[in-house]
Amino acid sequence: MPGFSAELSRRRLAAFLAAAFTPATGVLAQELVDPTDPTRRLDTAHRLTVRASINGSDPFPFMVDTGANASVISSDLADSLKLPRGKPVSLHGIAGVELVDTVNVESVTVGRRTRRNMTLSVLPARFIRAPGILGLDWLGSQGVLLDFERNQMKIGSRPPMTDEYTISVPVRSRPSGLHLIDVTVSGAPVLAFVDTGSTTTVGNAALMEQAIRRGALSSDWADIQLVSLTGQTMLGRIATLKSLGIDKITLQNLPVVFGPIHTFEYWGLVNRPAILIGMDVLKVFDKVALDFTRGQMHFTISPSSTG
């Protein structure tokens, strides 16, 4: 495969500082003509949305989040569908754990794919800024293709991607549903997982300490407020990571938020350097395919990016 190096503009630092960090910002995707088509468009914040039907209702644009183990519905939509509240559950977010209401639904359908008898957490629409979120409990082993070149996404198994502009990396799937890949930061090994629900890439404290020791971070730091889907807030720090390696691909100058992010604690990734790769990094590629069935992730670059 040809060599590849991509640089992410440091001007994004200012953009991240201008708004609170949340996986739900921007305008939701518009409805397509064929509501049964599993192909959906990306919204302006490059989050994924699909047309999801709840108990046979008209479809609503739900975000797809590969970093969330549980699916969510907004309180507004739950009320409009007259869904009775169920037993509260503990919901784990970036800032900690919070007790939230639930609803039990008979079916959640996207295109021709249906999951039955699901329990959805209920969150305020003003925080998730979407009618709902589909997590790993809905996705299961289904694959996800992010096609940034065509500004589309597809759910379902994809054929292996084997052209010269695509690299494939193995995925380690945990019983919890988390899918991990190995990356490097300035040559040092780091655990990573792809989070299609996050607009921003986030690192844990162990990664921050390792990066500082290796001189892998810029000297410019700034404080930033993080806002979870439940409305909880916490302070983080944002800096530029000099390089992130994914197999033969090297990405340079990545804005990364660091802090005691509860997400890493929940997934058991506190003691080892780990990074949550958000959509800001993923959209550098033409395509990213999460092939859970075959245990691989595929990253496709543009031919014009090779050297």
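Residues numbered from 1 in each chain as written. Predicted model: local features only at pLDDT ≥ 70, side-chain atom pairs only at ≥ 80, totals over all residues. Heavy atoms only, no water.

(A) Highlighting the packing of aromatic side chains. A full pass over the atoms with the stated rule returns four aromatic pairs. Measuring from centroid to centroid gives 6.1 Å for Phe-193 and Phe-264, while their planes differ by 70°, and the two rings are edge-to-face. With a gap of 71 residues between them, Phe-193 in strand β16 (residues 188–194) and Phe-264 in helix α6 (residues 262–266) connect regions that are remote in the sequence. Residue Phe-264 is classed as buried on the basis of its relative accessible area, which comes to 2%. Relative to Phe-258, the ring of Trp-221 lies with its centre 5.9 Å away and its plane at 45°, an arrangement referred to as tilted. (Phe/Tyr/Trp six-rings, centres within 6.5 Å; stacked < 30°, edge-to-face > 60°. Helix = DSSP H or I, 4+ residues; strand = E, 2+ residues; numbered from the N terminus. Buried < 20%, exposed > 50% of the residue type's maximum accessible area, 1.4 Å probe, protein only.)

(B) Region of interest: the nonpolar core. Counting 76 residues, the largest nonpolar core has Ile-73, Leu-269, Ile-275, Leu-282 and Phe-299 as the members making the most contacts within it. Leaving out residues up to four positions away in the same chain, Ile-73 has contacts with Phe-62, Ala-78, Leu-83, Val-103, Leu-120, Ser-121, Val-122, Leu-123, Ile-128, Pro-131 and Gly-132. Grouped together as the second largest cluster of nonpolar side chains are eight residues, Leu-123, Ile-128, Ile-133 and Leu-229 included. (Core = buried A, V, L, I, M, F, W, Y, C linked by side-chain atoms within 4.5 Å. Contact = heavy atoms within 4.5 Å.)

(C) Representation of the sheet that holds strand β9 (residues 113–123) in the model. With mixed pairing, the six strands of this closed barrel are ordered in space as β3-β4-β10-β5-β9-β8. Each adjacent strand pair in this sheet contributes to an overall mean axis angle of 45°, direction not counted. (Pairing = 2+ DSSP bridges. Axes fitted to C-alpha atoms, helices over the stretch in contact; angles between N-to-C directions.)

(D) Structural view of the environment of Ala-52. Following the sequence through the fold, Ala-52 ends up in strand β3 (residues 49–54). Residue Ala-52 is classed as buried on the basis of its relative accessible area, which comes to 0%. The residues touching Ala-52, leaving out its near neighbours within four places in the chain, are Asp-58, Pro-59, Phe-60, Phe-62, Thr-109 and Val-110.

(E) Representation of unusual backbone geometry. The phi dihedral of Asn-55 is positive, around 55°, even though this residue is not glycine. Along the chain, the position of Asn-55 falls in the loop between β3 and β4 (60–64).

(F) Just the environment of Gly-140, in detail. Position of Gly-140 among the secondary structure elements: in the loop between α4 (136–139) and β11 (144–147). Take Gly-140: its relative accessible area is 31%, and that puts it in the partly exposed class. It is 9.7 Å that separates the C-alpha atoms of Gly-140 and Asn-69, two residues lying 71 residues apart in sequence. Excluding residues within four positions of it along the chain, Gly-140 makes contact with Arg-115 and Phe-292.

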